[in-house]
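Secondary and tertiary structure notes
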Amino acid sequence: MKQNIFKMSLGRRIRLLVVFSVLLTGLIGSTSAYLFHVNSLTDEIFQNSEGVAEDAARLVYVEDAVILSDMIHTKEFKEVRQQAVEQDDFSILEKWMKEKEYDVAYHDTAVFLNDLRYVLGVSDLTLVSCDENGSYVLAAADNLYSEIGKDLPAESGLGPDDYKTVTQTKPHPVRRGKMFLCSSYHRVEEGSGNHNLFVGVDIDLARYIKRERNFLINLVITYLLIIGALALFGIYFAKKHLTIPLNQLTNAALEFAEKHKHSHITDPKDPGIHTADELEKLNDSIFYLEQSVLAEQKQLELINRTKGKIDAELSIAHEIQKGVLPDHFPQDTDRDVTDVYAFNDPAREVGGDFYDFFLIDPTHLALVIGDVSDKGIPAALFMMVSKLLIKEHAMKGLSPEEVLRQVNERLYSLNRAEMFVTVWIGILDTETGILKTANGGHEYPIFRLGTEPFEYFHDKHGMAIAGMKHSTYQLHEIQMKPGDALFVYSDGAVDARDKEGEGFGVSRLLESVNRASTITAKELVLSVKKDVEQYSLDAEQFDDITMLAMIYHKDSQPKKDDQTESKDSDLK
């Protein structure tokens, strides 16, 4: 059904929108009218209940009410009533009241309440006495002895904490059997002395409910008639002033598109709509756009030819950048060379991330990872310069922090584009296992040392390279033993987004590294790469992603000269 709606013509959708708008407006209006009616009816019921209770409280026989109030608070009455309740025989209570001469006061009060009930037109009248233990019925219009001394329910509003201060309870709805009532109580003020007497009134809501039902039926009928008339008028208006002009514009645009598809048009047709409103402006705009399309066609063809050249050049640049990064990864456990593997995936054709590893001399291996602050071709050029300068200074035998310091000064003097690059560099002595590192604003490296799991190494960061002319960097030393591992990465790994826009994050990255197989550096990198790709499966790649892993495999066996020479050449 949803798909069919979207396939409807614009005219039909406009008519549906008009009908829906009229229906919604009418529904809101009728709902507001109904709620107003209900509130008015509720106020009328409550005011009626309060007024009747007040009138009844002024008319009740106070002397008889006081006699009955004294009666129900006596110990003897409570015992007799308890006996009547247990035996389910309230004639016992009636007999006792006659013996104690309470029956006359009760009978007069019940008859009075019954007569007053018919005069006031209410469902029931009740005389109530309150004390600190609760509220009790003295007499009711139905003249039932079973009601005498009966506790009032909690919703009456005459609780032990309230009756002293209450003059009139708030009207409230009560359901008794099939009847729905509005109940209210009013204090008997005159002649009651220290007795707390109240008259309760129950009003049957049946006639009010009938009024509400009739109002609702009339409202619905009126609503349907008015809405039908408004909908028909709205459809007629929309068709005359919207649908027909829009169809003319559509046909003119389709005619232009069809002719332009097969031939070059030199004289586009003006639809000729003159409605003196937005549609006329739209007509003029479409006519202008048709003329502009023809003018831009040649320019677009020129742009497409140029774009083809740019795409080809970007493809070449991608291959050049890819060739700059080492793609031969030694995995040698027969000598003092470590197992190294790296991965780079630019977000565009070319990127600003890079990695490098190379032998400075037969026993010192340099490991580098960097991330330029920009993307695309400018970042790629800056990345290549940065990589070459780092390798040039490292090959001089400088310590890691000195390499970063000198490269920073050199790049700063060349940095007219005001870019910068974060760099982590480590130089491993393959004989002793000592790894010297320095960090120029890059992500924290991750180490596994001994039998402990992988953990972040929170080294002291210096400024990113080329960000400030005179920057210094902190040297760190880590003692690595056979089997220890290193994992470094660019921020594209932790910033990878899922379809909800949430980043992969440093915690997930650490969990992924610890979960991966670390038999070889390649297995470690590819496992983490797979986790990041699965996390951001349906999302566009946010940034360049680069990872590098190294596992230290110093062997105690003597080295063979021929093997050493061969594998040194592989690293270089």
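Anything mentioned here points back to the structure above.
Residues numbered from 1 in each chain as written. Predicted model: local features only at pLDDT ≥ 70, side-chain atom pairs only at ≥ 80, totals over all residues. Heavy atoms only, no water.

**As for the pattern of salt bridges**
Keep this limit in mind: By convention in these notes, a salt bridge is any Lys or Arg side-chain nitrogen within 4 Å of a carboxyl oxygen on Asp or Glu. Numbering of helices and strands starts at the N terminus; helices are DSSP runs of H or I of at least 4 residues and strands are runs of E of at least 2. Burial here depends on accessible area, computed with a 1.4 Å probe over protein chains only, as a share of the maximum for the residue type. Under 20% is buried, over 50% is exposed, and the range in between is partly exposed.
For the structure shown, the criterion picks out 11 salt bridges. With a closest N to O distance of 2.7 Å, D55 and R58 form a salt bridge. Here R58 and D55 lie together in helix 2 (residues 10–59), a separation of 3 residues that amounts to about one turn. Taking relative accessible area as the criterion, D55 reaches 30% and is therefore assigned partly exposed. Here E502 ties to R508 by a salt bridge, and the two come within 3.4 Å at their closest N and O atoms. Judged by its relative accessible area of 43%, E502 falls in the partly exposed class. According to the relative accessible area criterion, R508 is partly exposed, its value standing at 30%. What emerges from the salt-bridge pattern is a single network uniting E54, D55 and R58.

**Examining the sheet that holds strand 12 (residues 455–456)**
Strands belonging to one sheet form pairs held by backbone hydrogen bonds; the direction of such a pair is parallel or antiparallel. Selection rule: Following DSSP output, two strands are said to pair if at least two bridges run between them. Contacts are assigned to residue pairs with any non-hydrogen atoms lying within 4.5 Å of each other. Angular values range over 0 to 180 degrees, each being the angle between N-to-C directions of two axes fitted as lines to C-alpha atoms, with helices fitted over their stretch in contact.
With respect to topology, 5 strands assemble into an open sheet ordered 6-15-14-11-12, the strand pairing being antiparallel. Only two strands of the sheet have a single partner each, and these edge strands are strand 6 (339–345) and strand 12. Alignment of strand 14 (residues 485–489) against strand 15 (residues 545–551), held across 5 bridges, turns out to be antiparallel. The residue bridging V488 from the neighbouring strand is L548, located in strand 15. Along the sheet face, helix 13 (residues 521–535) touches strand 6, strand 14 and strand 15 and points at about 150° away from the line of strand 15.

**Let's talk about the pairing of strand 9 (residues 421–429)**
Along strand 9, 9 of the 9 residues are buried, which leaves the element largely enclosed by surrounding structure. Side chains V421, V423, I425, I427 and D429 of strand 9 all project onto a buried face; the interleaved residues T422, W424, G426 and L428 project onto the opposite face, where all are buried too. The pairing of strand 8 (residues 364–372) with strand 9 spans 9 bridges and is classified as antiparallel. When the sheet's bridge partners are listed, L365 is paired in strand 9 with L428. Of the strand pairs in this sheet, strand 9 and strand 10 (residues 434–440) are connected by 6 bridges, and their pairing is antiparallel. If you follow W424 over to strand 10, its bridge partner there is N439. Remark: 4 residues form the turn of the hairpin made by strand 9 and strand 10, two consecutive strands paired antiparallel; G433 in that turn has positive phi of roughly 80°.

**Examining the sheet that holds strand 8**
Within the open sheet, the 5 strands sit side by side as 7-8-9-10-13. Their pairing is antiparallel. Edge positions in the open sheet fall to strand 7 (353–361) and strand 13 (476–479), since each of these has one partner strand only. Averaged over all neighbouring strand pairs, the angle between strand axes comes to 20°, with direction disregarded. Each of strand 7, strand 8 and strand 9 is contacted by helix 9 (residues 376–394), which is oriented at about 15° to strand 7, the strand it contacts most. Packing against the sheet, helix 10 (residues 400–414) makes contact with strand 9 and strand 10, and its axis sits at approximately 30° to strand 10.

**A few points about the side chain of D103**
In plain terms, the rule: Neither His nor the chain termini are counted; the positive set is Lys and Arg, and the negative set is Asp and Glu. In the analysis that follows, any N or O atom pair within 3.5 Å is treated as a polar contact, provided that within protein one partner can donate a hydrogen and the other can accept it, and provided that, for residues neighboring in sequence, both atoms belong to side chains.
Here D103 is to be found in helix 6 (residues 103–120). K98 provides the closest opposite charge to the buried, salt-bridge-free D103, at an N-O distance of 5.0 Å. Polar side-chain contacts of D103 include one of 2.3 Å to the side chain of Y145. Setting aside chain neighbours within four positions, we find D103 in contact with M97, K98 and Y145.

**Details of the packing of helix 9 against helix 10**
Rules: Roughly parallel means an angle under 35 degrees; roughly antiparallel means over 145; roughly perpendicular covers 65 to 115; every other angle is labelled oblique. In a left-handed crossing the near helix is turned counterclockwise from the far helix by less than a right angle, and in a right-handed crossing that turn is clockwise. Residues are grouped as follows: nonpolar covers Ala, Val, Leu, Ile, Met, Phe, Trp, Tyr, Cys and Pro; charged covers Asp, Glu, Lys and Arg; every other residue, Gly included, is treated as polar.
For the pair helix 9 and helix 10, the least separation of the axes is 9 Å and the interaxial angle reads 135°. Taken together, the axes of helix 9 and helix 10 are oblique relative to one another. As for how helix 9 packs across helix 10, the hand of that crossing is right-handed. Residues F382, V385, S386, L389, I390, E392, H393 and A394 of helix 9 lie in contact with helix 10, whose contacting residues are V403, Q406, V407, R410 and L411. Residues belonging to the contact of helix 9 with helix 10 are distributed by class as follows: 8 nonpolar, 3 polar and 2 charged.

**Looking at the layout of surface pockets**
Test applied: Buriedness for pockets is judged along seven lines, at least five of which must meet protein on both sides within 12 Å for an open set on the 1 Å grid over protein atoms alone, while cavities are sets there where a 1.4 Å probe fits but cannot get out, and lining residues have an atom within 4 Å of a point. Grid points are joined across faces, edges and corners, and a volume is the space filled by probe spheres set on the points.
Of the voids in this model, the largest pocket is the one considered here, and its volume is about 380 Å³. Along the wall of the largest pocket there are 18 residues; nearest its centre are D124, T126, E147, R176 and D202. For the lining of the largest pocket, the element with the most residues is strand 4 (residues 179–187), which contributes 3 residues. Looking at side-chain class alone, the lining of the largest pocket contains 8 nonpolar, 2 polar and 8 charged residues.

**Topic: helix 4 (residues 75–87)**
Because each turn of an α-helix spans 3.6 residues, side chains separated by three or four positions in sequence point in the same direction. Rules: A helix is expected to reach a length of 1.5 Å times the quantity of its residues less one. Of all possible arcs, the one meant is that of the directions from the helix axis to the C-beta atoms.
Relative to the 18 Å expected for 13 residues at 1.5 Å per residue, helix 4 spans 19 Å between its end C-alpha atoms, a close match to the ideal helical length. Inspection of helix 4 places F77, V80, R81 and A84 among the buried residues, and these make up the whole buried set. Projection of helix 4 onto a plane perpendicular to its axis shows the buried side chains occupying an angular sector of 100°, all on one side. Projecting away from the buried face of helix 4 at angles above 90 degrees are the exposed residues K75 and E86. Taken together, the buried residues of helix 4 touch helix 3 (62–72) and helix 5 (91–99). Immediately beyond the C-terminal end of helix 4, within one or two residues, lies D88, with a positive phi of roughly 55°.

**Digging into the nonpolar core**
What counts here: As used here, the term nonpolar core means buried Ala, Val, Leu, Ile, Met, Phe, Trp, Tyr and Cys residues forming a set that is joined through side-chain atoms within 4.5 Å.
In this structure, L367, I446, F487 and L509 are the most contacted members of the largest nonpolar core, which totals 72 residues. Those residues in contact with L509, other than ones at most four positions away along the chain, are I446, Y456, F487, Y489, V494, F504 and V528. Within the second largest apolar cluster, 44 residues are counted, among which are A65, F90, L127 and V188.

**Let's talk about the environment of L152**
Along the chain, L152 turns up in the loop between strand 2 (134–140) and strand 3 (172–176). According to the relative accessible area criterion, L152 is buried, its value standing at 17%. Along the chain, L152 and G134 lie 18 residues apart, while their C-alpha atoms are 7.7 Å from each other. Beyond its immediate chain neighbours, meaning those up to four positions away, L152 contacts V128, S135, V137, L158 and Y185.

**Thoughts on the packing of aromatic side chains**
We apply this condition: Centre distance within 6.5 Å is the pairing criterion for rings of Phe, Tyr and Trp, where only the six-membered ring of Trp is used; planes under 30 degrees apart are then read as stacked, over 60 as edge-to-face, and the remainder as tilted. For a ring to carry a charge above it, either NZ of a lysine or CZ of an arginine must fall within 6 Å of the ring centroid while also lying within 35 degrees of the normal to the ring plane.
Scanning the entire structure with this criterion turns up 7 aromatic pairs. Ring centres of F447 and F457 lie 5.8 Å apart, and the angle between their planes is 85°; this geometry places the pair in the edge-to-face category. Taken together, the positions of F447 in strand 11 (residues 446–448) and F457 in the loop between strand 12 and strand 13 put the pair 10 residues apart, joining distant regions of the chain. Given a relative accessible area of 26%, F457 falls into the partly exposed group. Put simply, the rings of F77, W96 and Y102 pair up and form one aromatic cluster. R117 extends its terminal NZ or CZ atom over the ring of Y118, reaching a point 5.2 Å from the ring centre.

All we've got here are geometric facts, nothing functional implied.
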